[in-house]
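This is what each chain is made of:
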Amino acid sequence: AVVSTQSGHYGRGGSAIAKIVGSNTAKYPDLFHSQVKMWVFEEEVNGEKLSHIINSTHENVKYLPGIKLPANVLAVPDVVESVTGSDILVWVLPHQFVPRLCGQIKDVVKPDAVSLSCIKGLQDSSEIKLISTLIQEELGTDCSVLMGANIANEVAKEEFSEATIGCNDDVMGPVFQKLFTTDYFKTTAVKDKDTVELCGALKNIVAVAAGFVDGMGLGGNTKAAIIRLGMKEMVQFSKMFSPTSQQLTFFESCGVADLITTCYGGRNRKVSEAFVKTGKTLDVLEAEMLGGQKLQGPMTAKEVYHVLKAKGVEGSYPLFRSVYEICYEGMPPKHLLDTLSTI
């Protein structure tokens, strides 16, 4: 199989995944073609094209400095070129760019190609649409997912991490495990794709609430309450969206583990803390603090709230509703505490 990764604006996460995929394609030559094409949104760094720097130094100096990528990972600035001839497409970019990207590549994607999405977000509409579903509909190919407690910097440093592969195909599940599992990156495959993907998106809303708690200078007890209520609403929403959702999936890396690590680290928590402390808007903080990376939690909160509102059930999701109201309706961060004390 020929593998390509679509990293684009998600350079750090995409490069961390490409590091793993590059190592494993070389490790299993009977299963994968060795070269991995990594689409890179072209930028200039000190007057030189980022793709040229990556290919000459094997390092993404802007988004993942100090980490060497395997020599078989080729940075490609043309997205159409990057997917042409590929059998497996790995998606690692902000979810708002997916529709446009699908439109660019759908005419060159092989009919029997498969995708795996690492994207933690949802498509905004009156009904929730998973990003994997969007990819399947746009490209006409199957799409599995990979989610879990795996902050990119730590994965790139080869600190032990876990991930959950949501794949409903008995054949591709083991293939994806070979593509992603290393000594420091353990994967488990489950046949509950929708729940795995929902966990990856919804936990970012909870992380925003955790950042508000940190910004208000509150301690572990309050954050624990946020995590507990957040998990409850994640389970509740997932079962509403997918009645076949399996309870055990929430105890995989994609569920409770990812929720915990995101509420103590990661960009959503960090920016939300600064939102409380500085009074600056989320857009300004994103530009100041993330160096080109995108903030997912507030946008997911808006997308989820629109669906809850359309169904008339927003009152059953006090944490999700409060995060939306603080981010978009001008409610003060202490509104979150009012929510906790009245449920």
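Residues numbered from 1 in each chain as written. Predicted model: local features only at pLDDT ≥ 70, side-chain atom pairs only at ≥ 80, totals over all residues. Heavy atoms only, no water.

A. Representation of the overall build of the chain. Of the regular secondary structure elements, the chain holds 15 helices and 12 strands. Its C-alpha atoms give the chain a radius of gyration of 19 Å, near enough to 20 Å, the size a compact globule of 343 residues would have. Across the 343 residues of the chain, 57% fall into the buried class. Charge separation in the chain, taken as the distance between the mean sites of 33 positive and 39 negative side-chain charges, equals 4 Å. (Helix = DSSP H or I, 4+ residues; strand = E, 2+ residues; numbered from the N terminus. Rg over C-alpha atoms; globule rule 2.2 N^0.38 Å. Buried < 20%, exposed > 50% of the residue type's maximum accessible area, 1.4 Å probe, protein only. Lys, Arg positive; Asp, Glu negative; His and termini not counted. Charge placed at Lys NZ, Arg CZ, Asp CG, Glu CD.)

B. Summary view of the side chain of serine 86. With respect to the element layout, serine 86 can be found in the loop between helix H3 (79-83) and strand E6 (88-91). By relative accessible area, which is 1% here, serine 86 ends up buried. Reaching out from serine 86, the side chain makes a polar contact with the backbone oxygen of serine 82 at a distance of 3.5 Å. (Polar contact = N/O pair within 3.5 Å; in protein donor to acceptor, adjacent residues only side chain to side chain.)

C. Expanded view of the environment of glutamate 81. Here glutamate 81 lies in helix H3. What makes glutamate 81 partly exposed here is its relative accessible area of 48%. Distance in space between the C-alpha atoms of glutamate 81 and isoleucine 105 is 8.9 Å, their sequence separation being 24 residues. In this structure, glutamate 81 is in contact with Lys37 and Val76, ignoring residues within four places of it in sequence. (Contact = heavy atoms within 4.5 Å.)

D. The arrangement of the pattern of salt bridges in detail. Scanning the model with the defined rule gives 15 salt bridges in all. With its nearest N and O atoms 2.6 Å apart, the salt bridge here joins lysine 19 to glutamate 158. You can see lysine 19 sitting in helix H1 (residues 11-27) and its partner glutamate 158 sitting in the loop between helix H6 (152-156) and strand E11 (161-166), a full 139 residues away along the chain. Given a relative accessible area of 8%, lysine 19 falls into the buried group. Exposure remark for glutamate 158: the relative accessible area of 44% places this residue in the partly exposed category. Measuring nitrogen to oxygen at the nearest pair gives 3.3 Å for the salt bridge that ties aspartate 194 to lysine 193. The partly exposed category is assigned to aspartate 194, whose relative accessible area is 25%. (Salt bridge = Lys/Arg side-chain N within 4 Å of Asp/Glu carboxyl O.)

E. Representation of the packing of helix H9 (residues 220-241) against helix H15 (residues 335-342) within the structure. Between H9 and H15, the least distance of the axes is 11 Å, while the angle of their chain directions is 70°. In terms of orientation, H9 lies roughly perpendicular with respect to H15. The interaxial crossing formed by H9 with H15 has left-handed handedness. Along its contact with H9, which presents Thr222, Ile226 and Leu229, the element H15 presents Leu336, Leu337 and Leu340. (Axes fitted to C-alpha atoms, helices over the stretch in contact; angles between N-to-C directions. Parallel < 35°, antiparallel > 145°, perpendicular 65-115°, else oblique. Left-handed = near helix turned anticlockwise from the far one by under 90°.)

F. Looking closely at the packing of helix H14 (residues 318-328) against H15. Where H14 contacts H15, the two axes come as close as 9 Å, and the packing angle between them is 165°. Here H15 runs roughly antiparallel to H14, going by the angle between their axes. In this structure, the crossing between H14 and H15 has a hand that is right-handed. Residues Pro318, Leu319, Ser322, Glu325 and Ile326 of H14 lie in contact with H15, whose contacting residues are His335, Leu336 and Thr339. Grouping the constituent residues of the contact of H14 with H15 by class yields four nonpolar, three polar and one charged. (Nonpolar A, V, L, I, M, F, W, Y, C, P; charged D, E, K, R; others polar.)

G. Structural context of the side chain of glutamate 286. Considering the arrangement of structural elements, one finds glutamate 286 in helix H12 (residues 282-289). Classification of glutamate 286 by relative accessible area gives buried; the value is 18%. At a separation of 2.8 Å, a polar atom in the side chain of glutamate 286 contacts the main-chain amide nitrogen of leucine 295. Not counting residues within four places of it along the chain, the set of residues in contact with glutamate 286 comprises Gly291, Gln293, Lys294 and Leu295.

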